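Read off the chains here:
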Amino acid sequence: MSSSEPKRVAVVLLSGGLDSATVAAIARSEGFLVHALSFAYGQRHSFELAAARRVAASQQVAQHRIATIDLRVFGGSALTDDIEVPKGRDSAEMERGIPVTYVPARNAIFLSFALAWAEVLEASDVFIGVNALDYSGYPDCRPEFIRAFETMANLATKAGVEGRQKLKIHAPLMHMTKAQIIKRGMELDVDYGLTSSCYDPAADGKPCGQCDSCFLRRKGFRENGIDDPLPYPDTQVGR
């Protein structure tokens, strides 16, 4: 794409975490004009919204919108209900079953909002940071879910029915390890010090260092031979 050509518009789901920050950078590297969409959905780790704002500003997105929905109405997850966040688990434990941090139908809900905004923006591209290697038990992070949603999306809108939109859902991290994701982000100058991944952070946003998300994040940085820029407690949990 030459500098004189208008950029294609993309809606990027931006949680404020490591993965979504990387996806936003990938979209920008591919020449898209990023419109970032975040959610205040009643999550216990609401500090991530501050991180999303920081990431959006650092990557100079065209727009950053935060949609408010309250999934605490349904609960059923350690992130939206009075359920304890698992901590101190090893890789083998994380691979057994769907964890209680799964939020029922969350990605289907988020993608529906992204679809609506994409139609308004006359955009045909949506980016999401789902991954089938980490948290492979999450049903809404699988490639077959993304393919099925994309098919449904192209039947669901006026723009799609009229042939003005052929929606493509991009999931560039789908088959990458956390270490590979971090490596790619570093190549794109993502500032991971701006992000937040912890499921149960302290009031000031500092990560607990013990939840599944913290474990996978720290492991990814170690496998790249570098330190995670976030401040973790000194307590070691035998990992």
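See the structure printed just above.
For clarity, every value in this text was computed on a predicted model and none was experimentally measured.

## What to know about the pattern of salt bridges
The full count for this structure, using the stated rule, is 12 salt bridges. We note a salt bridge from R164 to E162, for which the minimum N-O separation is 2.9 Å. Overall, R164 belongs to the partly exposed group, its relative accessible area being 49%. Residue R217 is joined to D228 by a salt bridge in which the shortest nitrogen-to-oxygen separation is 2.7 Å. With R217 in helix α8 (residues 212–223) and D228 in the segment after α8, this residue pair connects regions lying 11 residues apart in the sequence. The exposure classification of R217 matches that of D228, with both residues buried. By sharing partners, the salt bridges in this structure join R44, K87 and D200 into a single network.

## Some words on the sheet that holds strand β2 (residues 32–40)
Strand order in the open sheet made by the five strands is β3-β2-β1-β4-β5, with parallel pairing throughout. Only two strands of the sheet have a single partner each, and these edge strands are β3 (63–68) and β5 (168–170). Each strand of the sheet is rotated relative to its neighbour by a mean of 25 degrees, with strand direction disregarded. Judged from the six bridges that link them, β2 and β3 form a sheet pairing that is parallel. Following the sheet pairing, A40 is matched in β3 by T68.

## Details of the pairing of β2
Here β2 lies mainly inside the structure; eight of its nine residues are buried. Across six bridges, strand β1 (residues 8–13) lies against β2 in parallel orientation. Counterpart to V12 in the pairing with β2 is A36. Regarding topology, helix α1 (residues 18–29) serves as the crossover connection from β1 to the parallel β2, and that connection is right-handed.

## What to know about helix α5 (residues 143–156)
The α-helix advances 3.6 residues per turn, and as a result positions three or four apart in sequence lie on the same side. If you check α5, its first and last C-alpha atoms are 20 Å apart, about what 14 residues at 1.5 Å a residue would give, namely 20 Å. Inspection of α5 places P143, F145, I146, F149, A153 and N154 among the buried residues, and these make up the whole buried set. Across the axial projection of α5, the buried residues extend over an arc of 165 degrees, all falling on one side. Turned more than 90 degrees from where α5 packs its buried face, R147, T151 and L155 sit exposed. Contact partners of the buried residues in α5: α4 (106–121), α6 (158–161) and β5.

Reading the values: rules and limits
By convention here, each chain's residues receive numbers from 1 onward along its written sequence. In keeping with the predicted nature of the model, local features appear solely for residues at pLDDT of at least 70, side-chain atom pairs appear and are counted solely at 80 or more, and the whole-chain, interface and lining totals rest on all residues. As a rule here, side-chain values come from all non-hydrogen atoms in the structure, and water together with hydrogens is ignored. By salt bridge we mean one thing: a side-chain nitrogen of Lys or Arg within 4 Å of a carboxyl oxygen of Asp or Glu. Per-residue accessibility, obtained with a 1.4 Å probe over protein chains only, is compared with the maximum for each type, and a residue is labelled buried under 20%, exposed over 50%, and partly exposed between these values. Elements are defined by DSSP. Helices are runs of H or I of four residues or more, strands are runs of E of two residues or more, and each kind is numbered from the N terminus. Only strands joined by at least two bridges in the DSSP assignment are considered to pair. Helix axes are fitted only over the stretch in contact, all axes being lines through C-alpha atoms; the angle between N-to-C directions runs from 0 to 180 degrees. With its strands directed away from the observer, a crossover is right-handed exactly when the path from the first strand over the helix to the second travels clockwise. Take the residue count of a helix, subtract one, and multiply by 1.5 Å to get its expected span. The directions from the helix axis to the C-beta atoms form the arc being described. We call two residues in contact when some of their heavy atoms are within 4.5 Å.

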